[in-house]
Amino acid sequence: MPDGYEVLHTKSQDARARAAGTRAKVCLAQYSTLDKKAAKKAAKQAAKELKAFVEEQEALEAEAREQFRIYDSDQSGNIDIAELANVTKGMGIFDDIDDPEDPENDNNKNAIIENGMRDFDDDRDGKLDFKEFCMLYNKFVTERDLLEFEAPSKYKPPPYLEGRDPNQVKALQELLKTSIFAVRRKGESKDFFDNAKIRTKAFKLDWKRMTKSPSWTNLLEVFDLGEFDKNDKKFKPKKKEVKQIKKMMLREWTLLNDIFTFYTCKALEGAVASMDLDEWMKFTHAAGFRQGKFNRKKPEWGIMDLKACFDEVNVEAEATKKKAKKENEVNPDDQMMRFEFMEGVLRMMLRFEVEDANPKIAVRIDGFLRFLRKNLERECPASMLDRNVYRIDRLYHQSALEVLFAFQRELRAMYALMVGPDFMPATLQEWMWLCTRLDIIDDRKGRRITDRELHMMFMWSQMLNKDEIKGRDKAYTLSFDEFLEVVCRMGDTKDLPTAEDLKKHGFGNTVEAIEDAIARQEAEPRPLDPLIPRRPSSDFWALHTTHTQTSGERLKSMLDYMFAMISPGCGSVLLGTFKSEVFQKDMSDEFSEIFRGAKFPLEQVNKTTEDELKELAAKEAEELKKAGAKAEPIGPSGHVNVHHK
C-alpha cells in the first residue's frame, strides 16, 4: 500500500473502499447458499472495484508527488507560503473569485493561501511537508472536481473534440499555423477554435453582468436563493447554492450560446446578436415551455407569463458611471442580450419540476437540460449545432486549405468588391448584397439557399466574441478569414455541377450548365430531371451528415460559380481553364463602376499568407516586449520563438 495512502482519500472515498470490501466479504460468506456462478460473479466484481479504487489512490499519490516536486522550487523538501501561492494559482483555485475590478481581489486570494497554510500545517513551522501537502492537495483536487460529484451528469468535452484523438487535433493545429487561417491566432481565443479558455471568459463576463442586473435581486427572492441582510438592507445570495448554479451554467454555456445565436437569426427582421420578443417566443415554444409538460402544478406558461419573464430580465439598471452608461447605450431596450437570455433560461431552470419531492438545485437544473435537449432535438435540432464541428470536419480539411491558398488573391478581390476601397470588415448588409450580386438566393439554381441560411452562415463563421458589449461591432461584421469560412459553408450547402458533369455535357463552367438546365426546364411542358441532383449531405440544418465529396471538391464548384458570375470569360476552376488576369480585370472594372472611380485596393488584394504571418509575428513580438519577454526571429513554422526573462 502506498506511503501516503492514509491521507489521500476523502470521506466519500473511505466509504467507497469500505463498501467494496464489505461487499466482497458478504459474497464470500454467502457462497454456500447462493448460486455458485452468481456468487463468484458478484465477488469478482467487488474485488475489481476495490482494485480500481486502490489504483486510483496510487495514481493520486503519484500525481501529488509530482506536483510537490514541481512547486517545491527551492528543493527544500517543504512548501512555503510563496510556493503555496503558486499551487493555488496553478490548480485554478482562484478562477471563481478572480475579479481584477474588485478592490478586495488580492485580499480574497491571500485569505485562501493563509487559510490553507493554517489548516494543514500541523507542526506550525510555517511550511508544509509532503504529508501535509497531500492533505491540502486532496482538498484542492476535490474542490476542482466538485462539479463531477454534485452534478448528476458528468462534464462532457465540447462536440468538436468529443471522441477525437488529441494528437490528431494537435497535429491539425500545427498545420493551421502556416495556413491561410493563421491570422486567427490574432483573435481573442489565440486559437483556431472557440476553445474552452475563451468560452470561460465569455461566461464570466455574462455571469458578472447578470448578477449585477436589477432583476437578479428579484430572482434571489422569488426562488429562495438569498437572505435579507438587515445591516445592508438588501438580499445577499446563498453562496453554496449560487456557486453550484454558476458551475452548472458554465458547463452548459456552450449549448446556451449556440441556442441564442440560432434564434437571434430565427426572424429575418431585426438585429443579429440580440433576441427580440418574437424570437424569445419561438425559442420557448420549441423548447416545450408551452407544451403542457413543463410544470404539472402550472401546466404551461401563457404568453403573458413568457412576456413578463422577457420584460423582467430586460430591465436596465440606472447608470451613474460613464462605463455603465455606455453599456446601457449598447444594450437594446426591447431586446435580450446574451447575459439577459441566460437569466431568462435560468428562471425556467429553477421553476422546473422533477420527481424528487425536495430536489437539489443540481438535480432540478439537470432535469431541465434533459427536457430542453429532448424538445429541441425534435423541434429544431440545428439550434444545438456547435460551429466548431464544421471547422474540424470540413473547413480545416487539407483539400479545402489547398483550394483557399491557391485562389486567395481572387477571394481577396471579391472581398474588396463587397466592402469597398477601405477593405474594412464586411457587414451583414454587404454580405447579403454580394449574395444578391452572385444570384445565390434562387430556387432554380441548384439547391435553394434561403436568406435565413445566409444569415446563419454569417453568424456561424464568426469567431466567438468574448465581450458582447465592448465587442458589439464584431457581432455585425466578417473579417477576411471569416469570409473564407462562410464561402466554404456555402459550398457545402449549395448543390452545384461537378467537373464530371461539365465534361459529360460539354459546358465551359458551372454557370453555363445551370443556365442550360433552366432553359430546358422552361421550354418543356413538364419539368425535366434536374441536371444537379440534390445531395443529402447538403442539408444545412442537419446535425449529422455523411459527405461523399471532400470539402475541397465542393469548394471548387462554389468558386467556379462565383468567379463565372463576376467574369463570364474567366474560364473554369473545375476544368483547369481559369484565367486569373481576366477575372482580375473584370473585377477591377466592376469595382470602379460601383465605387465611382475609386482605386482598386491592389495592396490588400495582392497580400499573401506569408505577408500576414509576418504581420502576426511582428504583432506577437510587440506584445511580448510589452509583457517583458524577449522574442527571436520567426521560426520555421511561422511563429515567434520566445524566451522569457
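Preceding this section is the structure that the text describes.
Residues numbered from 1 in each chain as written. Predicted model: local features only at pLDDT ≥ 70, side-chain atom pairs only at ≥ 80, totals over all residues. Heavy atoms only, no water.

A.B. asks: Can you tell me about the overall build of the chain, naming the residues and giving the values?
C.D. replies: When helices and strands are counted, the chain shows 28 helices and six strands. Contacts spanning at least 24 positions in sequence make up 67% of the contacts within the chain whose residues lie at least 6 apart. For the chain, the computed accessible surface area is about 33500 Å², with 52% contributed by carbon and sulfur atoms. (Helix = DSSP H or I, 4+ residues; strand = E, 2+ residues; numbered from the N terminus. Contact = heavy atoms within 4.5 Å. Areas by Shrake-Rupley, 256 points an atom, 1.4 Å probe, with all protein chains shown as cover.)

A.B. asks: Got a sec to walk through the pattern of salt bridges? Specific residues and values, please.
C.D. replies: Scanning the model with the defined rule gives 22 salt bridges in all. E174 is the partner of K177 in a salt bridge, and the nearest nitrogen-oxygen pair spans 3.1 Å. A residue is classified by how much of its surface remains accessible, and E174, at 38% relative accessible area, is partly exposed. Across the pair E343 and R347 runs a salt bridge, and its minimum N-O distance is 3.2 Å. Placement of the pair is E343 and R347 together in helix α15 (residues 338-351), with a separation of four residues, close to one helical turn. Judged by its relative accessible area of 1%, E343 is buried. The exposure class of R347 is buried, given its relative accessible area of 5%. Bridged by salt links that share partners, the residues R184, D194, R387, R391, D481, E485 and R489 form one connected network. (Salt bridge = Lys/Arg side-chain N within 4 Å of Asp/Glu carboxyl O. Buried < 20%, exposed > 50% of the residue type's maximum accessible area, 1.4 Å probe, protein only.)

A.B. asks: I'd love a proper account of helix α12 (residues 277-286), names of residues and values included.
C.D. replies: What α12 keeps buried is the set E279, W280, M281, F283, T284 and A286. In this structure, the buried residues of α12 make contact with α11 (253-264), α13 (303-313), α15 and α16 (361-379). Where α12 begins, the side chain of D276 points an oxygen toward the backbone nitrogen of D278, at a separation of 3.2 Å. Taken from the residues just after α12, G288 is the one with a positive phi, measuring 90°. (Polar contact = N/O pair within 3.5 Å; in protein donor to acceptor, adjacent residues only side chain to side chain.)

A.B. asks: So, the layout of surface pockets: which residues are in play, and what are the values?
C.D. replies: Each pocket or cavity is described by its volume, and for the second largest pocket that value is around 920 Å³. Every residue lining the second largest pocket is counted, 39 residues in all, and those nearest its centre are M463, K474, S479, D481 and E482. Counting residues per element, the ones that place at least two in the lining of the second largest pocket are α11, α19 (408-419), β4 (477-478), α22 (480-493) and α28 (609-627). Partitioning the lining of the second largest pocket into residue classes produces 14 nonpolar, nine polar and 16 charged. (1 Å grid on protein atoms, 1.4 Å probe; cavity = no way out; pocket = protein on both sides within 12 Å on 5 of 7 lines; lining within 4 Å. Points joined across faces, edges and corners; volume = space filled by probe spheres on them. Nonpolar A, V, L, I, M, F, W, Y, C, P; charged D, E, K, R; others polar.)

A.B. asks: Summarise unusual backbone geometry; cite the residues concerned and give the values.
C.D. replies: We note that Q75 has phi near 55°; this positive angle belongs to a residue other than glycine. In this fold, Q75 is placed in the loop between α2 (36-71) and α3 (81-90).

A.B. asks: Can you break down the pairing of strand β2 (residues 234-237) residue by residue, with the values?
C.D. replies: Summarising the sheet, strand β1 (residues 226-229) and β2 pair through four bridges and their orientation is antiparallel. Across the sheet, E227 pairs through a bridge with K236, a residue of β2. Hairpin geometry of β1 and β2 is characterised by an intervening segment of four residues between the two adjacent antiparallel strands and by a positive phi of about 60° at K233. (Pairing = 2+ DSSP bridges.)

A.B. asks: With reference to specific residues and values, describe the environment of A416.
C.D. replies: Note on placement: A416 falls in helix α19. Residue A416 is classed as buried on the basis of its relative accessible area of 0%. It is 7.2 Å that separates the C-alpha atoms of A416 and P601, two residues lying 185 residues apart in sequence. A416 has contacts with F423, F591, F595, F600, P601 and V605, leaving out every residue within four places of it along the chain.

A.B. asks: Account for the packing of aromatic side chains, naming residues and giving values.
C.D. replies: Applying the stated criterion to the full structure yields 24 aromatic pairs. Ring centres 5.4 Å apart and planes at 80° place the aromatic pair F193 and Y396 in the edge-to-face group. Placement of F193 in the loop between α7 (166-176) and α8 (196-211) and of Y396 in the loop between α17 (387-395) and α18 (398-406) is noted, with a sequence separation of 203 residues between them. Taking the centre distance of 4.8 Å and the plane angle of 50° together, the rings of F563 and F583 count as tilted. Placement of F563 in helix α25 (residues 551-566) and of F583 in helix α26 (residues 580-594) is noted, with a sequence separation of 20 residues between them. Looking at F583, the relative accessible area reads 0%, which means it is buried. Taken together, F260, F262, Y263, W280, F283 and F341 form an aromatic cluster joined through their ring pairs. (Phe/Tyr/Trp six-rings, centres within 6.5 Å; stacked < 30°, edge-to-face > 60°.)

A.B. asks: Got a sec to walk through the side chain of D72? Specific residues and values, please.
C.D. replies: Looking at the element boundaries, D72 is found in the loop between α2 and α3. Buried within the structure, D72 lacks any salt-bridge partner; K127 is the closest side chain of opposite charge, at an N-O distance of 8.7 Å. A polar side-chain atom of D72 sits 3.2 Å from the main-chain amide nitrogen of S76. Setting aside chain neighbours within four positions, we find D72 in contact with G77, N78, I79 and E83. (Lys, Arg positive; Asp, Glu negative; His and termini not counted.)

A.B. asks: Got a sec to walk through the nonpolar core? Specific residues and values, please.
C.D. replies: W280, F283, M414, W431, F483, M562 and F563 are the most contacted members of the largest nonpolar core, which totals 125 residues. Top contributing element to this core by residue count: α25, with nine residues. Leaving out residues up to four positions away in the same chain, M562 has contacts with M414, L438, V487 and M490. Counting 17 residues, the second-largest nonpolar core is a separate cluster that includes M91, F120, F130 and Y137. (Core = buried A, V, L, I, M, F, W, Y, C linked by side-chain atoms within 4.5 Å.)

A.B. asks: Hey, could you go over the side chain of R387 for me, with residue numbers and the actual values?
C.D. replies: Structurally, R387 can be placed in helix α17. The class of R387 is buried, set by a relative accessible area of 7%. One polar contact links the side chain of R387 to the main-chain carbonyl oxygen of M459, over a distance of 3.3 Å. A distance of 2.9 Å separates a polar side-chain atom of R387 from the backbone oxygen of Q462. Discounting chain neighbours no more than four positions away, the residues touching R387 are D194, N257, T261, M459, W460, Q462 and R489.

A.B. asks: Would you mind going over empty space enclosed by the protein in detail, with residue names and values included?
C.D. replies: Following the criterion strictly, the structure yields one cavity of 30 Å³ or more and no others. Along its surface, the largest cavity is lined by D194, R199, W253, T254, N257, D258, D386, R387, N388 and L464. Of all elements in the fold, only α11 and α17 reach the threshold of two or more residues within the lining of the largest cavity. Examining the composition of the lining of the largest cavity, we find that four residues originate from one element, α11, more than from any other.

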